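Read off the chains here:
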Amino acid sequence: MPVKYYKYDKPFRLENGEELPGLTIAYHTFGRFKGDNAVWVCHALTANSDVADWWPGTVEGGRFLDPGRHFVVCANIIGSHYGSTGPLSIDPATGGPYYGSFPFITVRDMVAAHFLLADHLGIASARAVIGSSIGGFQAMEMALTRPDFARKLVLIATSAKSQPWTIAFNESQRMAIETDPTYGTPDGEAGKKGMRVSRSLGLLSYRGSVAYNATQQENDNFFKVAGFRAGTYQQYQGDKLCRRFDAYSYYRLTQAFDSHNVGRFRGGIESALSQIGCPTLIIGISSDIIFPVTEQIYLYRHIPKAKLHILASDFGHDGFLVEADKLNDIIKPFLNSR
């Protein structure tokens, strides 16, 4: 499906008090809107609005994002590289891209943009809002910002706030970007050597030791002393992100990730979670080290109408991207039930 764009031509006020002069929101839809069948998908850190692209095995007939049954919507988050207003967008004040001057944004700013698009599309409420990782942050904020919007909520491999553990990983990634002397220059390619290292650091937290030890063994040569598969894999993943993303967006999005705290100005985390009134499905991944299952158990204990599933997977946090069959068995009955 082709990407679509919604242009909002009024000032967009950010949580920190700054303003963007307008917004472009890139989005994809699948299926036909019938008034009450919207399923809103919130994507993770470096994904795009094309759910079928980054979440294979989900937007298909008979799956939990069946476009014959649901009107699936995904909006690219602001600050991202994939079409929504971000650091490489043109700043009307200068006539050139924002680059490093793009303002600090929060998850709540992303959600405010989502609701602009929802209003534009005529979606007053969604059958469900689904999010994994930082997408789960957005999903929780959508449920709290407009309590009547989500009739069901699916939270996968996520948490009620960014913990020091996740913030530390993000800070190390930003430090890696900052070591690149080109970062800060007015160039869309700036900082990419640093981002290459940054991504390799992040990947360690996304996969964890079990996944690495299972997939990167030297099965072809047990006597190897150099040129290990694990090293090549890290280089490949760093290069892969550099081909498709920019360092300015990555830097700002990791900062937005850190900003997440559903309890901010809501009387604390437990008070905020108690305000989520819709049926909520919470899915943890057994080997996730960036969002360990204790985080999902906490959500389960404090969201009133919550169900909890722990998905067995050796792929760590990235299990939500690769375990489509297991997710389908858990999510599809929840979405399709009354």
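Residues numbered from 1 in each chain as written. Predicted model: local features only at pLDDT ≥ 70, side-chain atom pairs only at ≥ 80, totals over all residues. Heavy atoms only, no water.

S.K.: I'd like a description of the pattern of salt bridges, backed by residues and values.
M.R.: Throughout the structure, instances matching the rule amount to 12 salt bridges. Glu15 is paired through a salt bridge with Arg108; the nearest N and O atoms lie 4.0 Å apart. You can see Glu15 sitting in the loop between strand 2 (12-13) and strand 3 (19-20) and its partner Arg108 sitting in helix 2 (residues 107-121), a full 93 residues away along the chain. Look at Arg108 and you get buried, because its relative accessible area is 17%. A salt bridge links Asp325 to Arg63; the shortest N-O distance between them is 2.7 Å. Within this pair, whereas Asp325 is found in helix 11 (residues 324-336), its partner Arg63 is found in the loop between helix 1 (51-54) and strand 6 (71-75), the two being separated by 262 residues in sequence. Looking at Arg63, the relative accessible area reads 18%, which means it is buried. Overlapping salt bridges, with partners in common, bring together Glu15, Arg108, Glu141, Arg264 and Arg266 in one network. (Salt bridge = Lys/Arg side-chain N within 4 Å of Asp/Glu carboxyl O. Helix = DSSP H or I, 4+ residues; strand = E, 2+ residues; numbered from the N terminus. Buried < 20%, exposed > 50% of the residue type's maximum accessible area, 1.4 Å probe, protein only.)

S.K.: Give a description of the sheet that holds strand 4 (residues 23-30) that names residues and reports values.
M.R.: Taken in spatial order, the 8 strands make up an open sheet running 1-4-6-5-9-10-11-12, and their pairing is mixed. Each having just a single partner strand, strand 1 (4-8) and strand 12 (306-311) make up the two edges of the open sheet. With strand direction ignored, the average angle separating the axes of adjacent strands in the sheet is 20 degrees. For strand 1 and strand 4, the ladder comprises 5 bridges, and the chain directions are antiparallel. Across the sheet, residue Tyr6 finds its bridge partner in strand 4, namely Ile25. The strands touched by helix 9 (residues 293-302) within the sheet are strand 10 (153-156), strand 11 (280-285) and strand 12, with strand 11 carrying the most contacts at an inclination of about 165 degrees. (Pairing = 2+ DSSP bridges. Axes fitted to C-alpha atoms, helices over the stretch in contact; angles between N-to-C directions. Contact = heavy atoms within 4.5 Å.)

S.K.: How would you sum up the environment of Ala44? Please name residues and give values.
M.R.: Here Ala44 shows up in the loop between strand 5 (38-42) and helix 1. Residue classification places Ala44 among the buried positions, given a relative accessible area of 12%. For the pair formed by Ala44 and Ile134, sequence separation is 90 residues and the distance between their alpha carbons is 5.1 Å.

S.K.: How would you sum up the environment of Thr185? Please name residues and give values.
M.R.: Its place among the elements puts Thr185 in the loop between helix 4 (164-178) and helix 5 (192-215). Given a relative accessible area of 32%, Thr185 falls into the partly exposed group. Considering only alpha carbons, one finds Thr185 and Tyr99, 86 residues apart in sequence, at a separation of 8.1 Å. With residues near it in sequence (within four places) discarded, Thr185 still touches Ala190 and Tyr248.

S.K.: Quick rundown of the pairing of strand 11? Include the residues and the values.
M.R.: Within strand 11, 6 of the 6 residues are buried, which leaves it mostly tucked inside the rest of the structure. Taking every second residue as pointing to the same face, both faces of strand 11 are buried, with Thr280, Ile282 and Gly284 on one and Leu281, Ile283 and Ile285 on the other. Two strands pair when backbone bridges link them, and strand 10 and strand 11 are joined in this way by 4 bridges, in the parallel orientation. Bridge assignment links Leu155 to a residue of strand 11, and that residue is Ile282. Where strand 11 meets strand 12, 6 bridges bridge the pair, whose relative direction is parallel. Each bridged residue has a counterpart across the sheet, and for Ile282 the counterpart in strand 12 is Leu308. Of the crossover connections in this fold, the one passing from strand 11 over helix 9 to the parallel strand 12 is right-handed. (Right-handed = clockwise from strand over helix to strand, strands pointing away.)

Function cannot be read off these values alone, since they describe shape.
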